[in-house]
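Summary of the model geometry
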Amino acid sequence: MIKMDKPAAGSSLQKRAKAGLRRKAVLSPENFANLTPEAAQQMLHELQVYQIELEMQNEKLHQSEVAMDTALSRYFDLYELAPVGYCSISEPGLIIEANLTAATLLGVARGALVRKPFSRFIFKQDRESYNLCRKRLLETGQPQACELRMIRNEDTTFWAHLEATAVQEADGAQFIRVILNDVSARRQVEAALQESRAFNLATLDALDVEIVVLDRDGVIVMANQPWRRFAVENSIKPGKPAAQTGVGVNYLDICQASSTSNPAALKAFVGIRSVLDGRLPGFSMEYPCHSPLEQRWFSMNVTPLGDNVVIAHTNISAHKQVVDALREQEEFFHLIAESIDDFIVVLDLDGRRLYASPSYRQFFGATRDLRGTDSFATIHPEDRERVKQVFRETVQTGIGRQIYYRFLLDDGSSREMESTGSVIRDGEGRIARVLVVSRDITERKQMEDQVRQLAFYDPLTNLPNRRLLNDRLNQTMAASMRSACYGALMFLDLDNFKALNDAHGHAVGDLLLVEVADRLKSCVRGMDTVARFGGDEFVVMISELDVDKSESTLQAGLIAEKIRIALAQPYRLTIKLEGKADTSIEHPCTASIGVALFINHEASREDILKWADTAMYQAKEDGCNLIRFYG
């Protein structure tokens, strides 16, 4: 608020005021009767001077008022157009005033915010945080800040940063000034970053692969849990320091020191150094490790990562044994797999394809070599993680499962698949591979979807039919019991639909019904249901209105009015006749709407439909194109 300074004592305005008082005393009736002509002339002169002074004072006052109006206008523009929301809240918690930004953030007209509890716009689970912040503010008088979720448009939430300050007016009344700032984007980025870091660390530690990251000098800067475990297990020897290949150790120095007696160490040193220097884009190698008890095989994959390199070190001894066993049985297996029509694929324990039957290869294209490729890469992204989880469970338990998912083909199309997995064990009973038998069930699924579409959806408008409406009404009633919020059922009947059918035929009437369905869907939320009840009758079901019946009635009335206005707009329909030019007609068609509120299971599904139908007929009797509530 702009404050104007008071005139200083002894100013010209005060002096002129005193002079005016003196003139007033001189002009009293008693003194005026005794004036001589000369004195009267002098008095007239003084009055003229006084008039000029008053006009000057009035002009200065006008200029001051204009300046103050300009300052106030600038202040209110800054207040209204601020990039953050401002709210003033009374001590009982009611909104006194709010700027346009606050109203936009909350998705409510500014006038509708006044006298509403501020806590109503706070997500239920976060209201305790707000109450604590408010309590500390009122007790200490110190500004408080918190972040919590707020409600926009009754059904969506966003994260807001609140800064609250206590303000006391001249009469002693206290209110709270709140600054709102939408921080949803920042919270999402922070959550995604934290989740990504945690996921990456957990994934690396969960892998059965030893992984390290080296800097430009070959020093280990990160090692996952399998690598640390491997380092400890292979360093507990007399005269050998523990965990000599842990973080902070120069891995290249170790390789170079061993290179004189170990060709694999020399190859690793040269390869890693070349990747670090940019002379190689990466490399991999396999090498044996002999011991008196067994011969083990390891693989090493080196990949550049900025100025660093990532080394994945894996014990592939079991894989080597599996490959040997597969080689012995491959010819026998091919005789069986290549003589059946189902798709057969053998996968390693990481899901890579080791073998694909001719029918499987033909499914993806006869010229495509699938060996060694990732079997999960061709699965639809929405189904991929679920299939991976089933695959992991099969590997862990040895028990195969039947699963349904979608395959992606090279041309971008997808096919519905049914697959059953089983495990292949090695000579020691350990799971070595996974055998998957699949079949294409796309046509069968299409037929099932068609049957379901016919059973639950209106074939003309593609809206839910009466059967699906009944099911969703049951679900909404159950949800109402949990949330204690009212729902609303609206029964609509088109007022002058029959005239269109009589004049132009049912085909044109169908065009109008399709347009009505589209307009109805545009008037409600995605969580609500629009159904065709039959003929020119439609039903709209609104869920989760409010716990208060009066407020729910108000909300339902607003939605019904929106629908009434949308349906009352003229319909422009194009008539297509074979062998003739298309013609367009315009047909006015309104709707009579009956509304019935419900909560919990206080009434049966049949009663709710009957109430709404009764209210609709009342709207018809009262003149059509009207809204009537039951009860």
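Above this note sits the structure.
Structural notes, computed from the coordinates. (Residues numbered from 1 in each chain as written. Predicted model: local features only at pLDDT ≥ 70, side-chain atom pairs only at ≥ 80, totals over all residues. Heavy atoms only, no water.)

A word on the overall build of the protein chain
The helix and strand inventory of the protein chain stands at 19 helices and 22 strands. Across the 631 residues in the protein chain, those meeting the buried criterion constitute 36%. Of the contacts formed within the protein chain by residues at least 6 apart in sequence, a portion of 50% connects residues at least 24 apart. When the accessible surface of the protein chain is summed, it comes to about 37,300 Å², and 54% of that surface belongs to carbon and sulfur atoms. (Helix = DSSP H or I, 4+ residues; strand = E, 2+ residues; numbered from the N terminus. Buried < 20%, exposed > 50% of the residue type's maximum accessible area, 1.4 Å probe, protein only. Contact = heavy atoms within 4.5 Å. Areas by Shrake-Rupley, 256 points an atom, 1.4 Å probe, with all protein chains shown as cover.)

Notes on the sheet that holds strand E14 (residues 414–425)
Strand order in this open sheet of five strands is E12-E11-E15-E14-E13, and the pairing throughout is antiparallel. Each edge of the sheet is formed by a strand with only one pairing partner; in this case those strands are strand E12 (353–356) and strand E13 (402–408). Taking each pair of neighbouring strands and ignoring which way they run, the sheet shows an average axis angle of 30 degrees. In terms of strand pairing, strand E11 (residues 343–347) meets E12 through three bridges, oriented antiparallel. Bridging across to E12, Val345 finds its partner in Ala356. (Pairing = 2+ DSSP bridges. Axes fitted to C-alpha atoms, helices over the stretch in contact; angles between N-to-C directions.)

Some thoughts on the nonpolar core
Core analysis: the biggest nonpolar cluster contains 38 residues, and Met490, Leu492, Leu494, Leu512, Leu520, Val540 and Ile563 have the highest contact counts within it. For this core, the secondary structure elements donating two or more residues are strand E16 (487–494), helix H16 (497–504), helix H17 (506–522), strand E18 (537–542), helix H18 (549–568), strand E19 (571–575) and strand E21 (591–598). One finds Ala98, Phe121, Cys146 and Met150 within the second-largest nonpolar core, a separate group that totals 25 residues. (Core = buried A, V, L, I, M, F, W, Y, C linked by side-chain atoms within 4.5 Å.)

Observations regarding helix H13 (residues 381–397)
Between its first and last C-alpha atoms H13 spans 25 Å; for 17 residues at 1.5 Å apiece the expected length is 24 Å, and the two agree. Restricting attention to buried positions, one finds in H13 the residues Asp383, Val387, Val390, Phe391, Thr394 and Val395. Viewed end-on, H13 has its buried residues packed into an arc of 135 degrees, placing them on one side of the element. On its buried face, H13 is in contact with E11, E13, E14 and strand E15 (431–440). Of the residues flanking the end of H13, it is Gly398, one or two places downstream, whose phi is positive at about 80 degrees. (Expected span 1.5 Å × (residues − 1). Arc of directions from axis to C-beta.)

Some remarks on the pattern of salt bridges
Opposite charge on two side chains makes pairing possible when the charged atoms of those side chains draw close. What the rule picks out here adds up to 32 salt bridges. When the shortest N-O distance is used, the salt bridge between Arg273 and Asp277 registers 3.3 Å. Assessed through its relative accessible area of 38%, Asp277 is described here as partly exposed. Linking Lys576 and Asp582 is a salt bridge whose minimum nitrogen-to-oxygen distance equals 3.0 Å. For Lys576, a relative accessible area of 61% gives the class exposed. Overall, Asp582 belongs to the partly exposed group, its relative accessible area being 45%. One continuous salt-bridge network, built from bridges that share partners, spans Glu147, Arg186, Arg187 and Glu190. (Salt bridge = Lys/Arg side-chain N within 4 Å of Asp/Glu carboxyl O.)

Focus on the environment of Tyr630
Following the sequence through the fold, Tyr630 ends up in the segment after strand E22 (627–629). Spatially, the C-alpha atom of Tyr630 lies 8.6 Å from that of Met616, the residues being 14 residues apart in sequence.

So, the environment of Arg384
Position of Arg384 among the secondary structure elements: in helix H13. For the pair Arg384 and Tyr405, spaced 21 residues apart in the sequence, the C-alpha separation amounts to 8.3 Å. Ignoring anything within four residues of it in the chain, the contact list for Arg384 reads Phe376, Ala377 and Ile379. Within the local environment of Arg384, its side chain forms a polar contact with the backbone oxygen of Phe376, the two atoms lying 3.0 Å apart. A polar atom in the side chain of Arg384 sits 2.7 Å from the backbone oxygen of Ile379. (Polar contact = N/O pair within 3.5 Å; in protein donor to acceptor, adjacent residues only side chain to side chain.)

Thoughts on the side chain of Thr590
For Thr590, the location among the structural elements is in the loop between strand E20 (583–587) and E21. Side-chain polar atoms of Thr590 contact the side chain of Asp495, separated by 2.6 Å.

Thoughts on H18
Across its 20 residues, H18 extends 28 Å between first and last C-alpha, which sits within 8% of the 28 Å expected from 1.5 Å per residue. Within the sequence span of H18, burial applies to Glu551, Ser552, Gln555, Ala556, Ile559, Ala560, Ile563, Arg564, Ala566 and Leu567. Elements in contact with the buried residues of H18: E16, H17, E18, E19, E21 and E22. The backbone nitrogen of Ser550 has a side-chain oxygen 3.2 Å away, supplied by the residue at the start of H18, namely Asp548.

Structural notes on the packing of helix H15 (residues 466–483) against helix H19 (residues 605–621)
Put simply, H15 and H19 touch, their axes get as near as 10 Å, and they point 105 degrees apart. With respect to H19, the axis of H15 lies roughly perpendicular. Two secondary-structure elements touch here, H15 through Leu469, Asn470, Leu473, Asn474 and Met477 and H19 through Arg605, Ile608 and Leu609. Here the contact of H15 with H19 is built from residues that sort into five nonpolar, two polar and one charged. (Parallel < 35°, antiparallel > 145°, perpendicular 65-115°, else oblique. Nonpolar A, V, L, I, M, F, W, Y, C, P; charged D, E, K, R; others polar.)

Side note on the pairing of strand E9 (residues 295–305)
Judged from the eight bridges that link them, E9 and strand E10 (residues 308–315) form a sheet pairing that is antiparallel. Opposite Leu305, over in E10, you have Asn308 as the bridge partner. Counting the residues in the hairpin turn of E9 and E10 gives two residues, including Gly306, whose phi is positive at 65 degrees.

Quick look at the sheet that holds E22
With mixed pairing, the five strands of this open sheet are ordered in space as E17-E18-E16-E21-E22. Two strands close off the open sheet at either side, each with one partner strand: strand E17 (529–534) and E22. Strand-to-strand twist of the sheet, defined as the mean angle between neighbouring strand axes without regard to direction, takes the value 20 degrees. Two elements, E21 and E22, share three bridges in a ladder whose sense is parallel. Bridge assignment links Ile593 to a residue of E22, and that residue is Ile627.

Remarks on the packing of H17 against H18
Their axes nearest at 10 Å, the elements H17 and H18 cross at an angle of 150 degrees. Between H17 and H18 the crossing geometry is right-handed. Packed against H17, whose contacting residues are Val516, Arg519, Leu520 and Ser522, the element H18 presents Lys562, Ile563, Ala566 and Leu567 at the interface. Among the residues making up the contact of H17 with H18, the classes are represented as five nonpolar, one polar and two charged. (Left-handed = near helix turned anticlockwise from the far one by under 90°.)

Some remarks on the environment of Val212
Mapped onto the fold, Val212 is located in strand E6 (residues 210–214). For Val212, a relative accessible area of 0% gives the class buried. Spatially, the C-alpha atoms of Val212 and Asn224 are 6.6 Å apart, while their sequence positions differ by twelve residues. Leave out the neighbours within four places in its chain, and Val212 touches Ile220, Met222, Ala223, Trp227, Val309, Val310 and Ile311.

Observations regarding the side chain of His313
When you line up the elements, His313 lands in strand E10. The exposure class assigned to His313 is buried, which follows from its relative accessible area of 4%. Excluding residues that lie within four positions of it along the chain, His313 makes contacts with Val209, Glu210, Trp227, Phe230, Tyr287, Phe298, Ser299 and Met300.

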